[in-house]
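Chain and residue survey
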Amino acid sequence: MPKFEPFEARNGNKLAWMLIWFVAGALVWFVLLLRVKLDEAALKAETVTKRLNHAGTIAELNDFFEMIRPKPGFIATPILMYLNVLVFILMAWSSQHFINLQGSFMLEWGANFRPRVLAGEWWRLITSTFIHGGLAHLALNLYGLFFVGSFLEPVLGKWRLFLAYLITGILASIASICWYDATVSVGASGAIMGLLGILVIWAWKKIFPEDINWVLSINLAFFVTISLVAGLLGGVDNAAHIGGLLSGLVLGYLSLRYARGAQGARGAQRARKIEGHSPAKKRKPRRK
């Protein structure tokens, strides 16, 4: 018989997990504030300006939508986010629920389930990476996907990011059915853990500039640790998390040469742009 407990029990400790995430996030911000120096005068001036300008809220909302809009160098990440949101909207509309979807219902929509996969429904290894068990589940994964995509896609490119998402997601689903005999499993977190694994290797090998690399390393340690600890407390498919992370570490190592080359090309391109905007040197007229 299928085991639906992980998703039905997800709401049981929701308040406790919200507090844990809040405290952990506050600690990360505290560490970052100790390292990064802020211009207090500029911040105060900007705050006063926003208070006096009632259009500031609309401008901030427009900025938010601009961040998640497909644009050159950032196409695959928002498209993957849109696909996950679209699938969830269709499922919520069909079930008339959006806080917590039933395991039997998710199974009908393509959730990962070992007996069905071994029976020939291999496509569940892919479809399950676009299905979520509730609104909170979706929101957390969208945030994680946006975070990793913001760093990975400018270096990997859209098609390689798509491929990395699918590969790590499939391997995470395989790890899940190898560990659990009859558990319904859904979510993009396995693929996201894989993308985090790629970033872990890149941060370790210092692919990014030093100032970015330090902040990135702090955030990676936070995301990976919280995700794995959450899996140990139950209600989370930790096998998929670990499988995705390990596959991402391998992909990160295999893509090191490409990442270094891509970063070098981006640096050279930025340098050419700076030179192009710099004022031309005046030449002294030559006398014949």
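None of these values were measured; they are calculated from a predicted model.

1. Comments concerning the packing of aromatic side chains
- The final tally for this structure, using the stated rule, is 10 aromatic pairs.
- Consider the rings of Phe-74 and Phe-146, whose centres lie 6.0 Å apart with planes at 90°: the pair is edge-to-face. Placement of Phe-74 in the loop between helix H4 (56–67) and helix H5 (76–95) and of Phe-146 in helix H9 (residues 135–156) is noted, with a sequence separation of 72 residues between them.
- Taken together, Tyr-143, Phe-147, Phe-151, Trp-202, Phe-208, Phe-222 and Phe-223 form an aromatic cluster joined through their ring pairs.
- Stacked on the ring of Trp-204, the Lys or Arg Lys-205 has its end atom at 4.2 Å from the ring centre.

2. Topic: the confidence of the model for the chain
- Per-chain confidence: the chain averages 80 in pLDDT, with 70% of residues scoring 70 or above.
- This stretch, residues 4–12, has a pLDDT under 50; its non-local contacts, to residues over four places away or in other chains, come to 19 contacts.

3. So, the packing of helix H11 (residues 189–204) against helix H13 (residues 238–254)
- Where H11 contacts H13, the two axes come as close as 6 Å, and the packing angle between them is 35°. Considering only the axes of H11 and H13, their crossing is right-handed. Each of Ser-189, Gly-190, Met-193, Gly-194, Gly-197, Ile-198, Val-200, Ile-201 and Trp-202 in H11 lies in contact with H13, whose residues at this interface are Ala-240, His-241, Gly-244, Leu-245, Gly-248, Leu-249, Leu-251, Gly-252 and Tyr-253.
- The residue inventory of the contact of H11 with H13, partitioned by class, reads 10 nonpolar, eight polar and no charged.

4. What to know about a nonpolar patch on the surface
- A cluster of nonpolar side chains, contributed by Leu-163, Ile-167, Leu-171 and Ile-174, occupies part of the molecular surface with about 300 Å² of accessible area.
- Given the relative accessible area of 32%, Ile-167 is considered partly exposed.

5. Regarding the pattern of salt bridges
- Evaluation of the coordinates by the stated rule reveals three salt bridges.
- Between Arg-114 and Asp-181 there is a salt bridge; the shortest N-O distance is 2.8 Å. Residue Arg-114 is located in helix H7 (residues 114–118), and its partner Asp-181 is located in the loop between helix H10 (158–179) and H11; the two are separated by 67 residues in the primary sequence.
- For Asp-181, a relative accessible area of 55% corresponds to the exposed category.
- Between Glu-121 and Arg-124 there is a salt bridge, with its nearest N and O atoms 2.5 Å apart.
- Classification of Arg-124 by relative accessible area gives buried; the value is 3%.
- Here the residues in one salt-bridge network are Arg-116, Glu-121 and Arg-124, joined through shared partners.

6. Side note on unusual backbone geometry
- Positive phi, close to 65°, is recorded for Gln-96, a residue that is not glycine.
- By the element assignment, Gln-96 lies in the loop between H5 and helix H6 (103–109).
- Notably, Lys-206 is not glycine yet its phi reads approximately 60°, a positive angle.
- Here Lys-206 shows up in the loop between H11 and helix H12 (210–232).
- Given a relative accessible area of 65%, Lys-206 falls into the exposed group.

Cut-off values and rules
- Residues numbered from 1 in each chain as written.
- Predicted model: local features only at pLDDT ≥ 70, side-chain atom pairs only at ≥ 80, totals over all residues.
- Heavy atoms only, no water.
- Phe/Tyr/Trp six-rings, centres within 6.5 Å; stacked < 30°, edge-to-face > 60°.
- Helix = DSSP H or I, 4+ residues; strand = E, 2+ residues; numbered from the N terminus.
- Lys NZ or Arg CZ within 6 Å of the ring centre and 35° of its normal.
- pLDDT = per-residue confidence, 0-100.
- Contact = heavy atoms within 4.5 Å.
- Axes fitted to C-alpha atoms, helices over the stretch in contact; angles between N-to-C directions.
- Left-handed = near helix turned anticlockwise from the far one by under 90°.
- Nonpolar A, V, L, I, M, F, W, Y, C, P; charged D, E, K, R; others polar.
- Patch = residues over 30% accessible without salt bridge, like charges linked within 9 Å, V, L, I, M, F, W, Y side chains within 5 Å.
- Areas by Shrake-Rupley, 256 points an atom, 1.4 Å probe, with all protein chains shown as cover.
- Salt bridge = Lys/Arg side-chain N within 4 Å of Asp/Glu carboxyl O.
- Buried < 20%, exposed > 50% of the residue type's maximum accessible area, 1.4 Å probe, protein only.

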